[in-house]
Amino acid sequence: MTHHSIRHHAALALALCTTLAGVAQAAGAHQHGVARLEVVADGSSLTVTLDSPLDNLLGFERGPRTDAERKAVQAMAQRLRNATTLVVPAAAAGCQLQGVDLASDVIAPALLAAAPAPATAPAAPAGGGHADLEAGFRFRCAQPQALKSLAVGGLFQAFPRLQQLDAALAAPGAQRGARLRPKQATLAW
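Visitor: Explain the environment of cysteine 141 to me, using residue names and the numbers behind them.
Guide: Within the secondary structure, cysteine 141 is located in strand E5 (residues 132-141). Between the C-alpha atoms of cysteine 141 and cysteine 95, which are 46 residues apart in sequence, the distance is 3.9 Å. Once residues lying within four places of it in the same chain are set aside, the contact partners of cysteine 141 are Ser44, Leu46, Ala93, Gly94, Cys95 and Leu147.

Visitor: Hey, could you go over the state of the cysteines for me, with residue numbers and the actual values?
Guide: Counted under the stated rule, the structure contains one disulfide. Across the disulfide, cysteine 95 is cross-linked to cysteine 141 (sulfur-sulfur distance 2.0 Å). Its S-S torsion of about 100° marks the bond between cysteine 95 and cysteine 141 as right-handed, since a negative value means left-handed. Taken together, the residues cysteine 95 in strand E4 (residues 95-103) and cysteine 141 in strand E5 connect sequence positions 46 residues apart. Summarising the burial analysis for this pair, cysteine 95 and cysteine 141 share the class buried.

Visitor: A description of helix H3 (residues 67-81) should follow, citing residues and the corresponding values.
Guide: Side chains three or four residues apart in an α-helix point the same way, a direct result of the helix having 3.6 residues per turn. Its 15 residues give H3 an end-to-end C-alpha distance of 21 Å, which sits within 8% of 21 Å, the value for a rise of 1.5 Å per residue. Residues of H3 that are buried: Glu69, Arg70, Val73, Gln74, Met76, Ala77, Leu80 and Arg81. One side of H3 holds all its buried residues, which, seen down the axis, span an arc of 160°. Pointing more than 90 degrees away from the buried face of H3 are the exposed residues Ala68 and Lys71. Contact partners of the buried residues in H3: strand E2 (45-53), helix H2 (54-58), E4, helix H4 (109-112), E5 and helix H5 (153-158).

Quick notes on the rules
Throughout this description, residue numbers start from 1 for each chain and increase along the sequence as written. Totals for whole chains, interfaces and linings use all residues, but because this is a predicted model, local features are given only for residues with pLDDT of at least 70 and pairs of side-chain atoms are given and counted only at 80 or more. The side-chain values count all of the structure's non-hydrogen atoms but skip hydrogen atoms and water molecules. Helix and strand assignments come from DSSP, with helices taken as H or I runs of at least 4 residues and strands as E runs of at least 2, each series counted from the N terminus. Any two residues whose heavy atoms approach within 4.5 Å at even a single point are treated as in contact. Put simply, a disulfide is two cysteine sulfurs that come within 2.5 Å. Residue exposure (1.4 Å probe, protein chains only): buried if accessible area is under 20% of the type maximum, exposed if over 50%, otherwise partly exposed. The span one expects for a helix is its residue count, reduced by one, times 1.5 Å. Directions pointing from the helix axis toward each C-beta atom define the arc.

Purely spatial values, then, with no claim about function.
Dropping the structure here:
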């Protein structure tokens, strides 16, 4: 990595942190129906991170207690892993999904895994209060200069309890926040 590239990465990280701080203050720490979306475009890499209360995605905010709830968690994880319909970069950029990472303090990793886990998988330690899920979507783009938008309408369709995404963008020449809703579900830059 060149000295210029390191400075560029540091500048993008600083801009994203500044933008995210403003979005977090505006959104509050944990609000049902609202989630945070962080979008970082750097070279041919696009990383999208969704941080949402579990209630938005499952209808409950704790580790699953029944077989039906464990199956609901697995179905949610599968929907998120099929990210190509949920998080859609501008077609002209030629982005390919490289991977999806899912994590929650109250859900056992086996239930979030790509391979189906047994419905009797043990629950993660129960956390108190509000529980979240973080989903990271990693893309590689063939034409990064054409990456000028990200459509997230599929997230709103897949998870109807989700009503608002407080988005923060860090891309070459663009650092800003935006509020996305089901009828305005495209982040453009």
